[in-house]
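# Geometric and topological summary
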Amino acid sequence: MAIRICDGYNDPIFKEYEDRFYNNFTPDDWDYIIVGKTKRAVEAHAKKRFVCDYQIKKIADEWVAVTYHS
């Protein structure tokens, strides 16, 4: 699986990740949802894109990170 990056609420793939996002992460001031099979790859992309912070969790068989701008 390649890395998938959701760029905000209007990104077409947001609906695919919406439930996982709201059930596992703080929804305030986020920029990207990054999804992949390995923690290393997801974390590398999150580190390139976060402004203030990021959170990363394993959800089912995928690693998911959310980046925040405040």
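Residues numbered from 1 in each chain as written. Predicted model: local features only at pLDDT ≥ 70, side-chain atom pairs only at ≥ 80, totals over all residues. Heavy atoms only, no water.

## Observations concerning the pairing of strand β4 (residues 62-68)
Counting buried residues in β4 gives 7 out of 7 residues, a clear majority hidden from the surface. Where burial is concerned, the two faces of β4 agree: the one with Glu62, Val64, Val66 and Tyr68 and the one with Trp63, Ala65 and Thr67 are both buried. Relative to β4, strand β2 (residues 30-36) is paired through 6 bridges, and the arrangement is antiparallel. Note on β4: the bridge partner recorded for Trp30 is Tyr68. As paired strands, strand β3 (residues 53-59) and β4 are joined by 7 bridges and run antiparallel to one another. Across the sheet, Ile56 pairs through a bridge with Ala65, a residue of β4. In this antiparallel pair of consecutive strands, β3 and β4, the connection spans 2 residues, and Ala60 shows a positive phi of 60°. (Buried < 20%, exposed > 50% of the residue type's maximum accessible area, 1.4 Å probe, protein only. Helix = DSSP H or I, 4+ residues; strand = E, 2+ residues; numbered from the N terminus. Pairing = 2+ DSSP bridges.)

## Description of the side chain of Glu62
Tracing the backbone through its elements, the reader meets Glu62 in strand β4. The exposure class assigned to Glu62 is buried, which follows from its relative accessible area of 10%.

## Structural notes on the packing of aromatic side chains
Following the criterion strictly, the structure yields 8 aromatic pairs and no others. For the pair Phe14 and Tyr22, a centre-to-centre distance of 6.3 Å together with 85° between the ring planes defines the contact as edge-to-face. Look at Phe14 and you get buried, because its relative accessible area is 4%. In this structure Tyr22 comes out as partly exposed when scored by relative accessible area, which is 39%. Relative to Tyr54, the ring of Phe50 lies with its centre 5.5 Å away and its plane at 55°, an arrangement referred to as tilted. A connected cluster of aromatic rings, assembled from ring pairs, spans Tyr9, Phe14, Phe21, Tyr22 and Trp30. Geometry around Tyr32 places Arg49 over its ring, the cationic atom sitting 6.0 Å from the centre. The side chain of Lys57 reaches across the aromatic face of Phe25, ending 5.1 Å from its centre. (Phe/Tyr/Trp six-rings, centres within 6.5 Å; stacked < 30°, edge-to-face > 60°. Lys NZ or Arg CZ within 6 Å of the ring centre and 35° of its normal.)

## Comments concerning the pattern of salt bridges
Once their charged atoms are close, side chains differing in charge can pair, the charge on each being opposite to the other. Summed over the entire model, instances satisfying the criterion amount to 4 salt bridges. The partner of Lys15 in a salt bridge is Glu18, with the nearest N and O atoms 3.5 Å apart. On the criterion of helical spacing, the pair formed by Lys15 and Glu18 is a turn pair, its members being 3 residues apart in helix α1 (residues 14-24). Lys15 gets classed as exposed once you look at its relative accessible area, which sits at 64%. The exposure class of Glu18 is partly exposed, given its relative accessible area of 22%. Taking the shortest distance from any N to any O, the salt bridge between Arg20 and Glu62 comes out at 2.5 Å. Highlighted residues: Arg20 in helix α1 and Glu62 in strand β4, separated in sequence by 42 residues. (Salt bridge = Lys/Arg side-chain N within 4 Å of Asp/Glu carboxyl O.)

From the geometry alone we can't say anything about function, so treat these as descriptive.
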